[in-house]
Amino acid sequence: MPTSSDMTTHTDPALLDALQHQVAVFARRAEQSRLGGVGQARNSMDRAAYLLLNRLDQEGPMGVKALAAGMGIDSSTVTRQVAPLVDSGLVSRTTHPEDGRAVVLQLSERGHARLDEVRASRRALMALVTEGWSEEDREAFTTLLTRFNSSLHRVVGAEGQPS
């Protein structure tokens, strides 16, 4: 496996330093603001809840193990994070149609409405933050950020440590 010094041989160290610094600043600002949106729904849903609800909305009903695998976290974490969402009526638990012992999680009607509200707030924040950007700049940034997140996940994995 290549060492970190092998990987930086052909890249300007100052550029890598600038990139690392900007990622650190972004992480700090994202955490400070929680990138929660604008208006009444601002900061009204934590990151874990948002990501779980979003996954259920995009992928449909699924079991805890499938949800955990799709999110790159362990089942016990999903179980712990889903509990308050079930308690608040945003997610419903039903039995699996083919295996009555298995539990299936799905977004409730209330969960869909709440997620739509939070998405609208976050969408407004992204519009505000990128005001003055061209549509091409927004697309390019989204493409590069998606690529960066995928690469980061590949390198550090779900545990957050380099593999």
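Q: How should I be thinking about a nonpolar patch on the surface in this particular structure?
A: On the surface, Leu19, Val23, Trp133, Phe141, Leu145, Phe148 and Leu152 cluster together to form a nonpolar patch covering roughly 560 Å² of accessible area. At the level of secondary structure, the elements contributing two or more residues to the nonpolar patch comprise helix H2 (13-33) and helix H7 (135-156). Its location among the elements puts valine 23 in helix H2.

Q: I keep staring at the packing of aromatic side chains and nothing clicks. Help me out?
A: The description of an aromatic ring pair uses the distance of the two centres, along with the angle that the planes make with each other. With the rule as written, the count across this model stands at one aromatic pair. Judged by centre distance (5.6 Å) and plane angle (90°), the rings of tryptophan 133 and phenylalanine 141 are edge-to-face. Tryptophan 133 sits in the partly exposed class, given a relative accessible area of 34%. Positioned over the ring face of tyrosine 50 is arginine 122, at 4.1 Å from the centre of the ring.

Q: Help me understand helix H6 (residues 109-129), please; the structure alone is not making it clear to me.
A: Helical periodicity: at 3.6 residues per turn, an α-helix aligns residues three or four positions apart in one direction. Across its 21 residues, H6 extends 30 Å between first and last C-alpha, which sits within 8% of the 30 Å expected from 1.5 Å per residue. Of all the residues in H6, the buried ones are Gly111, Arg114, Leu115, Val118, Arg119, Ser121, Arg122 and Leu125. Down the axis of H6, the smallest arc covering the buried residues is 165°, so these residues share one side. Turned more than 90 degrees from where H6 packs its buried face, Glu109, Arg123 and Leu128 sit exposed. Structurally, H6 contributes buried residues whose contacts are with helix H3 (47-59) and strand E2 (103-107).

Conventions used here
- Residues numbered from 1 in each chain as written.
- Predicted model: local features only at pLDDT ≥ 70, side-chain atom pairs only at ≥ 80, totals over all residues.
- Heavy atoms only, no water.
- Patch = residues over 30% accessible without salt bridge, like charges linked within 9 Å, V, L, I, M, F, W, Y side chains within 5 Å.
- Areas by Shrake-Rupley, 256 points an atom, 1.4 Å probe, with all protein chains shown as cover.
- Salt bridge = Lys/Arg side-chain N within 4 Å of Asp/Glu carboxyl O.
- Helix = DSSP H or I, 4+ residues; strand = E, 2+ residues; numbered from the N terminus.
- Phe/Tyr/Trp six-rings, centres within 6.5 Å; stacked < 30°, edge-to-face > 60°.
- Buried < 20%, exposed > 50% of the residue type's maximum accessible area, 1.4 Å probe, protein only.
- Lys NZ or Arg CZ within 6 Å of the ring centre and 35° of its normal.
- Expected span 1.5 Å × (residues − 1).
- Arc of directions from axis to C-beta.
- Contact = heavy atoms within 4.5 Å.

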